[in-house]
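# Chain and residue survey
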Protein chains: 2
Amino acid sequence: MRNIKLVLRYDGSDFKGWQSQPGVRTVQETLQKVLAEFSGQTLRLHASGRTDSGVHAVGQVAHFHSTLKMPADALVRAMNSRLPDDVAVVSAEDVPESFDANRDAVRKAYRYVIHDGATRNPLLRHYCCRHHQRLDAAAMKEAAQVLLGTHDFRSFETEWPNRKSSVRTITHLGLSRFGDYLWLDVEADGFLYNMVRAIAGTLINVGRGYWPTGEVGRIVQAQDRTRAGPTAPAQGLFLMRVSYQEASHEVDG
Amino acid sequence: MRNIKLVLRYDGSDFKGWQSQPGVRTVQETLQKVLAEFSGQTLRLHASGRTDSGVHAVGQVAHFHSTLKMPADALVRAMNSRLPDDVAVVSAEDVPESFDANRDAVRKAYRYVIHDGATRNPLLRHYCCRHHQRLDAAAMKEAAQVLLGTHDFRSFETEWPNRKSSVRTITHLGLSRFGDYLWLDVEADGFLYNMVRAIAGTLINVGRGYWPTGEVGRIVQAQDRTRAGPTAPAQGLFLMRVSYQEASHEVDG
């Protein structure tokens, strides 16, 4: 039995998220349907993690087991020629049968994009969250530093109590301004449900002067979701890459 | 009577171009409908030029005459709050009654975006033209130089004979690679119908090795549309800015 790892890119705008659900269009279902069409097999894809409705992926990773004979690079071409234009396979490779895209992920990186220019930009409306006032990026960057490292992040978790732990380690947190756009980059060993969007909503409250920079540390300490900012909209969020022990699956943006 | 100049930005994907036509969604009709809604007047917008179905604008310019009392900046906010999210007013200003967005334009700048990476990018599918092989950007840039200056561009004009002249002056022509993306930037005193897309199609033929760089000069000389390359797809084209004698209406991307 082969185990094949796929790197996937998709525009989340017209998908109801990753996970198959009856009666709606999802990324998983769309990919599995194409795999079934040309393999004649019912194959189940396992992603590094679900993405929500409207969330984009530059480098999602998934694996599936099959008895397909096709070489990995031919598989990429075959899938891309059949997939709709809002999802693509960036690469495919054979991996050990034990490889699991979710369990074996050692780091994930997300980017959250905020637009705070004077006028909304029709060309990027599906790919950023719009804020109507200029945000103080320096204050947001300063406030974010307290999130680096290992903490219990339940203040930034939508579904708590969960069945496991809310402790995660953020290994990188960057905030950069490019003209009217802010990029919040977060890399961690794992993410809680809506964690990046709750961090974004919290930092926006700092950037608009509603909270002092020190508030973020108090929110972490409080371990209480109601203390943090709102969950920022899905369309600003991009799953950038998923890294594994053996190699980092870097993909260019 | 006031004369108001608007700078407009739109995503052309879901519009059948600029110009009002019965039964289809156009940029002109969408804007005029909103102006009518809050002014109670039937106002006619005049653009610097039509854009085709699928073509985007970062800085289109249009003017309209009216007896509206609203200050220009309030007009921007009022229009943006009513417009659908794929079109926005970037700015509005009162101009002399004689100003004409089309007739008075002294330069226009277009950008054509080509993607030649190994895999199509779902996130930018509406904003570039995809080419399946790596293109030779240096050859394209070299070949393009012959287009600079004043020439009869009828070889790059879809509807010839037109009623006027096919002579235009290209004042800037740049070709830059950013990773898997090529940007073809063309600025001229005016453009013929489909001129940038015909230039893009011609340079792609050079970039893929089908034509030598010298072919572009022979095509200009031939004054024959059948000699040039195909009209490249609309979704790669952006009207970047329109400049007037009194001021250049630069808008940030």
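The coordinates are above.
Keep in mind the model is a prediction, meaning the values are calculated, not measured.

What follows is about the interface of chain A and chain B. Facing the 27 residues of chain A at the interface are 27 residues of chain B. Taken together, chain A and chain B are joined by four salt bridges. Notably, a salt bridge pairs D11 of chain A with R125 of chain B, separated by 2.8 Å at the nearest N-O pair. Taken together, the connections running from chain A to chain B amount to eight residue pairs in polar contact (both at pLDDT 80 or more).

This part is about the pattern of salt bridges. The full count for this structure, using the stated rule, is 32 salt bridges over all chains. When the shortest N-O distance is used, the salt bridge between R197 of chain A and D52 of chain A registers 3.7 Å. Of this pair, R197 of chain A sits in helix α4 (residues 195–207) while D52 of chain A sits in the loop between β2 (46–47) and β3 (56–66), and the two are 145 residues apart along the sequence. The class for R197 of chain A is buried, based on a relative accessible area of 13%. A salt bridge links E187 of chain B to R241 of chain B; its shortest N-O distance comes to 3.7 Å. Residue E187 of chain B is located in strand β9 (residues 181–188), and its partner R241 of chain B is located in strand β10 (residues 237–244); the two are separated by 54 residues in the primary sequence. For R241 of chain B, a relative accessible area of 25% corresponds to the partly exposed category. A single network of salt bridges, built from pairs that share partners, joins D116, R134, R177 and D180 of chain A.

Glancing now at the relation of the copies chain A and chain B. Of the two same-sequence chains, chain A is brought onto chain B (RMSD 0.0 Å, axial shift 0.0 Å) by a rotation of 180°. In short, the pair behaves as if placed about a two-fold rotation axis. Scanning chain A for the C-alpha nearest the rotation axis identifies L124 of chain A, at a separation of 5.1 Å. Interface overlap between copies is the fraction of interface residues in one copy that are interface residues in the other; for chain A against chain B it reaches 100%, indicating a shared surface.

How each quantity is defined
Residues numbered from 1 in each chain as written. Chains lettered and ligands numbered in written order. Predicted model: local features only at pLDDT ≥ 70, side-chain atom pairs only at ≥ 80, totals over all residues. Heavy atoms only, no water. Contact = heavy atoms within 4.5 Å. Salt bridge = Lys/Arg side-chain N within 4 Å of Asp/Glu carboxyl O. Polar contact = N/O pair within 3.5 Å; in protein donor to acceptor, adjacent residues only side chain to side chain. Helix = DSSP H or I, 4+ residues; strand = E, 2+ residues; numbered from the N terminus. Buried < 20%, exposed > 50% of the residue type's maximum accessible area, 1.4 Å probe, protein only. Least-squares fit on C-alpha atoms with pLDDT ≥ 70 in both.

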